[in-house]
Amino acid sequence: MTDRTDARDARRQWIRETVAARGFVRAGELAESAGVSLMTVHRDLDALQSQGWLRKVRGGATGMPSARFHGSVAARTAAMPRTKELLAREAAGILTPGQTVLLDDSTTCLPLTRLLAERAPLTVLTNSLPALTALAREPGISVIGLGGSYFPAYDAFMGLHTAESVAAYRADVLFLSTTAVTGGRCYHTSPETVQVKRAMLRAAGRKVLLADHTKFTRDGLYALAPLTDFDLLVTDDGLPEAEVRSVRAAGTAVRVVPRDRTES
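Residues numbered from 1 in each chain as written. Predicted model: local features only at pLDDT ≥ 70, side-chain atom pairs only at ≥ 80, totals over all residues. Heavy atoms only, no water.

## Considering the overall build of the protein chain
Secondary structure summary: the protein chain contains 9 helices and 15 strands in total. Against the 2.2 N^0.38 benchmark of 18 Å for 264 residues, the protein chain shows a C-alpha radius of gyration of 19 Å, consistent with a compact globule. Counting only C-alpha atoms and orienting by the principal axes, one finds that the protein chain spans roughly 60 × 40 × 30 Å. Sorting the 264 residues of the protein chain into buried and exposed places 47% on the buried side. Taking the intrachain contacts of the protein chain between residues at least 6 apart in sequence as the baseline, contacts between residues at least 24 apart amount to 61%. In the protein chain, which carries 33 positive and 28 negative side-chain charges, the distance between the mean positions of the two groups comes to 3 Å. (Helix = DSSP H or I, 4+ residues; strand = E, 2+ residues; numbered from the N terminus. Rg over C-alpha atoms; globule rule 2.2 N^0.38 Å. Buried < 20%, exposed > 50% of the residue type's maximum accessible area, 1.4 Å probe, protein only. Contact = heavy atoms within 4.5 Å. Lys, Arg positive; Asp, Glu negative; His and termini not counted. Charge placed at Lys NZ, Arg CZ, Asp CG, Glu CD.)

Have a look at this one:
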């Protein structure tokens, strides 16, 4: 049984890497290359999709971002990294020592982990494994991990138990990002993400959304919350002025930072 499990895990790892590298691969081609049945490949794709590694489509699987798939952690981390740092620097400026902070699992909010020690002492609650690892080394930061089911594709803890863990706390400030903003509403690509982030919104006093301008050009499948649920939007100057005015007119404050012009 162990040998069969090892072979399955190795095959699924190969499928993940192949789909990520090529963007789209046909199920029949995967089955032929792996020397397994088409039914076995479909089971593999179902499992990998449930973990957030890829998305099944007609005839095969894709790793390309879409309304139903946000892309890999590596791809998201590599997207506009300097602009994310600028957003994080602006957001960190609202903190005062002694506060309790909720931090989501987004790659947009992750740069905050390098800035929080400047505002210490702080207590930080997060479901992000990279954030937990980074903050554990920071002086003056007390870290509380929000447990639950670990989703490797998100490098975070997600789902019902994580949402219940959030509900046991009350934070002064929440820093959160989103996959897409359309029609004044935030969207994500997985229900597990929405479940946890809605719990975070309920558990925080002040709610801060970090979203670069590209988030306003994307789509998502699952609605999270309207922009009006946030007290502050931190974005970059790639967002059109008309959009900024619309957000402010609806009651959410907006801080705009100059983006890194070398990033698209």
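## Remarks on the sheet that holds strand β3 (residues 60–62)
One open sheet holds the 3 strands; their spatial order is β1-β3-β2, and the pairing between them is antiparallel. Single-partner strands in this sheet number two, and they are β1 (24–26) and β2 (55–57). Here the strands of the sheet are splayed against their neighbours by 25 degrees on average, with no regard to which way each runs. Bridge analysis of β1 against β3 gives 3 bridges, and the strand direction is antiparallel. Paired with V25 across the two strands is A61, which belongs to β3. Set on the sheet, helix α2 (residues 27–34) makes contact with β1 and β3; between it and β1 the angle comes to about 70 degrees. Sheet strands touched by helix α3 (residues 38–50): β2 and β3. Its angle to β2, the strand with the most contacts, is close to 135 degrees. (Pairing = 2+ DSSP bridges. Axes fitted to C-alpha atoms, helices over the stretch in contact; angles between N-to-C directions.)

## Points about the state of the cysteines
Applying the stated criterion across every chain, the model contains 0 disulfides. Looking at the unpaired C109, the closest cysteine sulfur is the one in C186, lying at 12 Å. Judged by its relative accessible area of 0%, C186 is buried. (Disulfide = S-S within 2.5 Å.)

## Section: the packing of aromatic side chains
Inspection of every chain in the model, using the stated rule, returns 2 aromatic pairs. Measuring from centroid to centroid gives 6.0 Å for F151 and Y154, while their planes differ by 70 degrees, and the two rings are edge-to-face. Judged on exposure class, the residue F151 and its partner Y154 are both buried. (Phe/Tyr/Trp six-rings, centres within 6.5 Å; stacked < 30°, edge-to-face > 60°.)

## Side note on the packing of helix α1 (residues 2–22) against α2
Between α1 and α2, the least distance of the axes is 12 Å, while the angle of their chain directions is 135 degrees. One finds that α1 runs oblique with respect to α2. By crossing handedness, the relation of α1 to α2 is classed as right-handed. Of the residues in α2, those touching α1 at R11, W14, I15, T18 and R22 are E29, L30, S33 and A34. Considered class by class, the residues forming the contact of α1 with α2 number 4 nonpolar, 2 polar and 3 charged. (Parallel < 35°, antiparallel > 145°, perpendicular 65-115°, else oblique. Left-handed = near helix turned anticlockwise from the far one by under 90°. Nonpolar A, V, L, I, M, F, W, Y, C, P; charged D, E, K, R; others polar.)

## Structural notes on helix α8 (residues 191–203)
The end-to-end C-alpha separation of α8 is 19 Å, in line with the 18 Å expected for 13 residues at 1.5 Å each. Buried within α8 we find T193, V194, V196, K197, A199, M200, L201 and A203. (Expected span 1.5 Å × (residues − 1).)

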